[in-house]
Amino acid sequence: HILLLSLLPFEVSSFRIFIMSLQEYLDNHKISEVVQAAVDALSEERPEKPLTFLSEYFAKQQEAADAPKDKKKKKDMGPPSTDLILEIFPEGPENNETMEAAVRGLAMDGLVWGDAEIQPHFFGLMKLVIGARVVNDKVGTDDLVAKIEALEEISGSEITAMNMVN
């Protein structure tokens, strides 16, 4: 079909573009293969009501095409959550080693602590950089920060990164 279109005069170039985009659409959606498979099934079955047969055939094909997408979406879905990275600062140098244990000791429904690393801050003080995942409707970030800052080993904290998970 495309070869014949290239032989058409220049004046019909918009028609040529339309036909080429139509062919691209048909190819992308594998319409030729789907229709051929339907005709093959029709010729095998030879039903009394061929249009009903084709209608049901295409409905089953559409369900099959949609099924993997639906399963994948359901598998990936969980409660809406947010990944956080927090920087937590100790009250003094004597708390550099105990602040991670104190922070991890905080337990809230919908809070899961992630990886942590002690990093230099300034004047011999260290800071704790820790990841957390919170379920949005169970843990408020303001509440989490308030609970962290209420610990006696901690002088302050801040959320440095947030990423919505789903």
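One can find the structure itself at the top, above this paragraph.
Please read these numbers as outputs of a predicted model, since none were measured by experiment.

The rules we used
- Residues numbered from 1 in each chain as written.
- Predicted model: local features only at pLDDT ≥ 70, side-chain atom pairs only at ≥ 80, totals over all residues.
- Heavy atoms only, no water.
- Helix = DSSP H or I, 4+ residues; strand = E, 2+ residues; numbered from the N terminus.
- Contact = heavy atoms within 4.5 Å.
- Areas by Shrake-Rupley, 256 points an atom, 1.4 Å probe, with all protein chains shown as cover.
- Buried < 20%, exposed > 50% of the residue type's maximum accessible area, 1.4 Å probe, protein only.
- Pairing = 2+ DSSP bridges.
- Phe/Tyr/Trp six-rings, centres within 6.5 Å; stacked < 30°, edge-to-face > 60°.
- Axes fitted to C-alpha atoms, helices over the stretch in contact; angles between N-to-C directions.
- Salt bridge = Lys/Arg side-chain N within 4 Å of Asp/Glu carboxyl O.

A. Just the overall build of the chain, in detail. Secondary structure summary: the chain contains six helices and four strands in total. When the helices and strands of the chain are read in sequence order from the N terminus, they spell out α-α-α-α-β-α-β-β-α-β. Sequence-distant contacts, at least 24 apart, represent 62% of the contacts inside the chain between residues at least 6 apart. Carbon and sulfur atoms form 57% of the exposed surface of the chain, whose accessible area is close to 12,000 Å².

B. Just the pairing of strand 1 (residues 81–90), in detail. Taking burial as the measure, the 10 residues of strand 1 include eight buried ones, the bulk of the element. Bridge count between strand 1 and strand 3 (residues 125–135): eight bridges; the pairing is antiparallel. Residue pairing for strand 3: Leu-84 is matched across the bridge by Ala-132. Where strand 1 meets strand 4 (residues 154–164), nine bridges bridge the pair, whose relative direction is antiparallel. By the bridge assignment, Thr-82 is partnered in strand 4 with Met-164.

C. Expanded view of the packing of aromatic side chains. One pass over the full model with this rule turns up two aromatic pairs. On the basis of an interplanar angle of 25 degrees and a centroid distance of 6.4 Å, the ring pair of Phe-53 and Tyr-57 is categorised as stacked. Residue Phe-53 and its partner Tyr-57 are located together in helix 4 (residues 50–76), separated by four residues, close to a single helical turn. Per residue, the accessibility class of Phe-53 equals that of Tyr-57, and both read buried. The interplanar angle of 75 degrees and the centroid separation of 5.8 Å between the aromatic rings of Tyr-57 and Phe-58 together place this pair among those described as edge-to-face. By relative accessible area, Tyr-57 is classed as buried at 16%. With relative accessibility at 34%, the residue Phe-58 sits in the partly exposed group. Pairwise contacts between aromatic rings join Phe-53, Tyr-57 and Phe-58 into one cluster.

D. Focus on the sheet that holds strand 1. The strand order across the open sheet formed by four strands is 2-3-1-4, and the pairing between neighbours is antiparallel. Taken across any chain shown, the strands that pair with only one partner, and hence form the sheet edges, are strand 2 (111–122) and strand 4. Averaged over all pairs of adjacent strands, the angle between their axes in this sheet comes to 20 degrees, without regard to strand direction. Pairing geometry for strand 2 and strand 3, over nine bridges, is antiparallel. Residue Glu-117 lies in a different strand from strand 3, and its bridge partner there is Val-129.

E. Looking closely at the pattern of salt bridges. Taken as a whole and judged by the stated rule, the model has four salt bridges. Salt-bridge contacts for Lys-127 lead to Glu-87; the nearest nitrogen and oxygen are separated by 3.2 Å. In this pair, Lys-127 sits in strand 3 while Glu-87 sits in strand 1, placing the two residues 40 residues apart along the sequence. The same class applies to Lys-127 as to Glu-87, namely buried. A salt bridge links Arg-104 to Glu-100, with the nearest nitrogen and oxygen atoms 2.9 Å apart.

F. Spotlight on the environment of Met-162. Turning to its location among the elements, Met-162 is positioned in strand 4. Between the alpha carbons of Met-162 and Thr-82 there is a distance of 6.5 Å; along the sequence they are 80 residues apart. Setting aside residues no more than four positions away along its own chain, Met-162 makes contact with Thr-82, Asp-83, Leu-84 and Thr-141.

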